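Understanding the architecture of this molecule
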Amino acid sequence: MEDTAININLAETRTISLEEQPFLEIQGRQELSGEVKISGAKNSALAIMAASLLCQDDCRLRNIPCLVDINRMSQLLQALGVKVQRNREILDINAVNIRSSQAPYEIVSRMRASFDIIGPLLTRLGVARVPLPGGCAIGARPVDLYLQGLQAMGANIQIESGGIVYACIPGNKGRLQGAKIYLNKPSVGATKTIMTAATLAEGETRIENAAQEPEIVDLANFCRQMGAQIKGAGTNTIIISGVERLHALDYSIIPDRIEAGTFLIAGAITRSDISLCPVIPEHLMPVIAKLNSIGCRVINEGSDRLRILPENLKAVDIETLPYPGFPTDMQAPFMALLSISEGNSIISETIFENRFRHVAELNRMGADIRVKGNHALIRGVSALSGAPVMATDLRASAALVVAGLAAEGTTIVRGLHHLDRGYENIESKLQKLGAKLQRVNSPNRQGN
Ligand code: EPZ
């Protein structure tokens, strides 16, 4: 059995030039067939790893995907003094000794989800110093709602020079206090932060207008299995009754609904008959509903398997919304699909203000897409053609890969560091389905 302690390497920050970057070379227009295995959900796993700081006993997490973001979160926990041991898809975490209340900038600046540690760290130590995660490629992404929530629970919050959030529980209270918190927006991150901080707070916390995403429910289930008292996760009101201590557990992460949605698009865009397993079909309801409107048939085959069947594609309008609305994380891959669907579609992005950077790259492949404000008008073309393209963020990279699968000729996708943050072994999974693609390491990097 391979047993891997994760090494901290804060120095891996050298900028790699375009010529040195590995790229994906895709020969499009291959029909896919067979079944693909869906990995554990990245965004659940990251939140649950951060929440494991709450527990002083052993946490065993199963179905953890092998991703760059997961390694970064492991490094972050280790930098705080937490023991993290990986054995294939199992991660063992023990946070009995947290040595530091300060999260290293080098890690937090590279992954927004690392800000999720602020609630659990503050709860355990009474103090936390976490750098602001800053803006990112898809929008400004402030953390005001996280911080207002913690303040409502009695935390003192200051932004120190260098953009470090300093949070502490004042006086000799020792614990955060339960509070009634209304979120201006149903923010996933703010809901996670308040919910985890409330598990060990004194008294009851009520979150109104809470996010309802499946990853929130997974996090709540994880906390409940550790002994937390949480009701209403998955609805817009979550009630948490604080307990004094949480205990050891063995927990399995849900399948990744966004990875599953991306493979459904891969099937639809190549007009292929493929199956996905394991999935929780209910988590994909908004995605399946849109695929049905586009003309695709998606069939439930048992409780954890979906099959997509080839059909003609027609235009449809999409508006991204908080769950159970259509997910913003599927917007870019759907845009690739609509770019070769018959007719005109409009996609309205309402969650993030800068999430259309894939448009220019899809247009480079022959798509006809125009952006006005937060709307994109997509005029369906008969085919895309292969081109060199650059991924600008994680889901944009997935859009370019599925576009490449459908395009005539060769597509070269660069910017794979985005793809590797969120898709486990995507090229080998696609290869097993019959796609022709390979990762090419640039000659300058070979042997490094
Ligand atoms: C999570 O981001 C996901 N990330 C995102 O997935 C996903 O796109 C997003 O939820 C929406 O589903 C992780 O789980 C790690 P939000 P998060 O807080 O928590 C605004 C991917 O590709 N807002 O629900 O950051 C914010 O600017 C990633 O896997 C505030 O104004 O999303 C945005 O407009 C990308 N103030 C909206 O709320 C706050 O304090 C929703 O953000 C917090 C958020």
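Going by the structure above, here's the rest.
Quick caveat, the model's predicted, so the values are computed rather than measured. Residue numbers run consecutively from 1 along every chain, following the written order of its sequence. In keeping with the predicted nature of the model, local features appear solely for residues at pLDDT of at least 70, side-chain atom pairs appear and are counted solely at 80 or more, and the whole-chain, interface and lining totals rest on all residues. Water and hydrogen atoms play no part in the side-chain values, which are based on all heavy atoms of the structure.

A short note on the site of the ligand
The condition is simple: We call a residue near a molecule or strand whenever a single non-hydrogen atom of that residue lies within 4 Å of it. Counted as a polar contact is a pair of N or O atoms within 3.5 Å, where, for protein atoms, one must be capable of donating a hydrogen and the other of accepting one, and residues adjacent in sequence contribute only when both atoms are in side chains. For every accessible area listed, the method is Shrake-Rupley and the probe measures 1.4 Å; residues are considered covered only by the protein chains on display. A run of DSSP states H or I qualifies as a helix once it reaches four residues; a run of E qualifies as a strand once it reaches two. Both are numbered from the N-terminal end. Here the nonpolar group is Ala, Val, Leu, Ile, Met, Phe, Trp, Tyr, Cys and Pro; Asp, Glu, Lys and Arg are the charged ones; every other residue, Gly included, is treated as polar.
Surrounding the ligand, one finds 24 residues, the nearest of these being Asp144, Ser187, Val188, Asp329 and Ile351. Between leucine 145 and the ligand, the recorded distance is 2.8 Å, taken from a backbone N or O atom to an oxygen atom. Between the ligand and valine 188 there is a distance of 2.7 Å, counted from an oxygen atom to a backbone nitrogen or oxygen. Taken by itself the ligand offers 830 Å² of open surface, and the protein chains cover 90% of this. Of all the secondary structure elements, the ones that give two or more residues to the shell around the ligand are helix 1 (42–51), helix 5 (144–152), helix 6 (188–199) and helix 12 (394–406). For the shell around the ligand, the residue count by class is ten nonpolar, four polar and ten charged.

A short note on the environment of asparagine 43
Which entries qualify depends on this criterion: Residue contacts follow a heavy-atom distance rule, with two residues in contact if any of their heavy atoms lie within 4.5 Å.
Relative to the helices and strands, asparagine 43 is located in helix 1. Sequence separation of asparagine 43 and isoleucine 70 is 27 residues, and the distance between their C-alpha atoms is 9.5 Å. If we ignore the near neighbours within four places in the chain, the residues touching asparagine 43 are Glu215, Asp329 and Arg395. A polar contact of 2.8 Å, which involves the side chain of asparagine 43, links it to the side chain of lysine 42.

Focus on the pairing of strand 4 (residues 58–62)
We count it as follows: Only protein chains enter the calculation, and the probe is 1.4 Å; a residue is then buried if its accessible area is under 20% of its type maximum, exposed if over 50%, and partly exposed in between. In this analysis, strands are considered paired if DSSP registers two or more bridges between them.
On strand 4, burial follows the alternation: Cys59 and Leu61 on one face are buried, whereas Asp58, Arg60 and Arg62 on the facing-out side are not. Sheet topology note: the strand 4/strand 6 (residues 90–94) ladder contains four bridges and is antiparallel. Counterpart to arginine 60 in the pairing with strand 6 is aspartate 92.

Here's the deal with helix 12
The cut-off we apply is this: Between the first and last residue of a helix there are one fewer steps than residues, each counted as 1.5 Å, and that sum is the expected span.
In this model helix 12 runs 19 Å from its N-terminal to its C-terminal C-alpha over 13 residues, within 8% of the 18 Å that 1.5 Å per residue would give. Here helix 12 starts with a cap whose side-chain oxygen sits 3.1 Å from the backbone nitrogen of arginine 395, and that cap is aspartate 393.

Topic: the packing of aromatic side chains
The geometry of an aromatic ring pair is captured by the separation of the ring centres together with the interplanar angle, meaning the angle of the planes. The criterion, for reference: Working definition: a ring pair exists when centres of Phe, Tyr or Trp rings (six-membered ring for Trp) sit within 6.5 Å. Plane angles under 30 degrees give stacked, over 60 give edge-to-face, the rest tilted.
For the structure on display, the rule yields three aromatic pairs. Seen in terms of ring centroids, phenylalanine 115 and tyrosine 146 are 5.5 Å apart; in terms of plane orientation they differ by 70 degrees. Their pairing is edge-to-face. One end of the pair, phenylalanine 115, is in the loop between helix 3 (105–108) and helix 4 (118–125); the other, tyrosine 146, is in helix 5, and 31 residues separate them in sequence. Accessibility assignment for this pair places phenylalanine 115 and tyrosine 146 in one class, buried. With centroids separated by 4.9 Å and ring planes inclined at 85 degrees, the aromatic side chains of phenylalanine 326 and phenylalanine 334 adopt a geometry described as edge-to-face. The buried category is assigned to phenylalanine 326, whose relative accessible area is 5%. Given a relative accessible area of 0%, phenylalanine 334 falls into the buried group.

Things to note about the packing of helix 9 (residues 285–294) against helix 10 (residues 331–338)
Under the convention used in this document: The axes are straight lines fitted to the C-alpha atoms, using for helices just the contacting stretch, and the angles between their N-to-C directions are given from 0 to 180°. Oblique is the label for every angle not falling under 35 degrees (roughly parallel), over 145 degrees (roughly antiparallel), or within 65 to 115 degrees (roughly perpendicular).
For the pair helix 9 and helix 10, the least separation of the axes is 12 Å and the interaxial angle reads 10 degrees. Viewed along their axes, helix 9 and helix 10 adopt a mutual orientation that is roughly parallel. On helix 10, the residues that touch Val287, Lys290, Leu291 and Ile294 of helix 9 are Phe334, Leu337 and Leu338. Tallied by class, residues from the contact of helix 9 with helix 10 come to six nonpolar, no polar and one charged.

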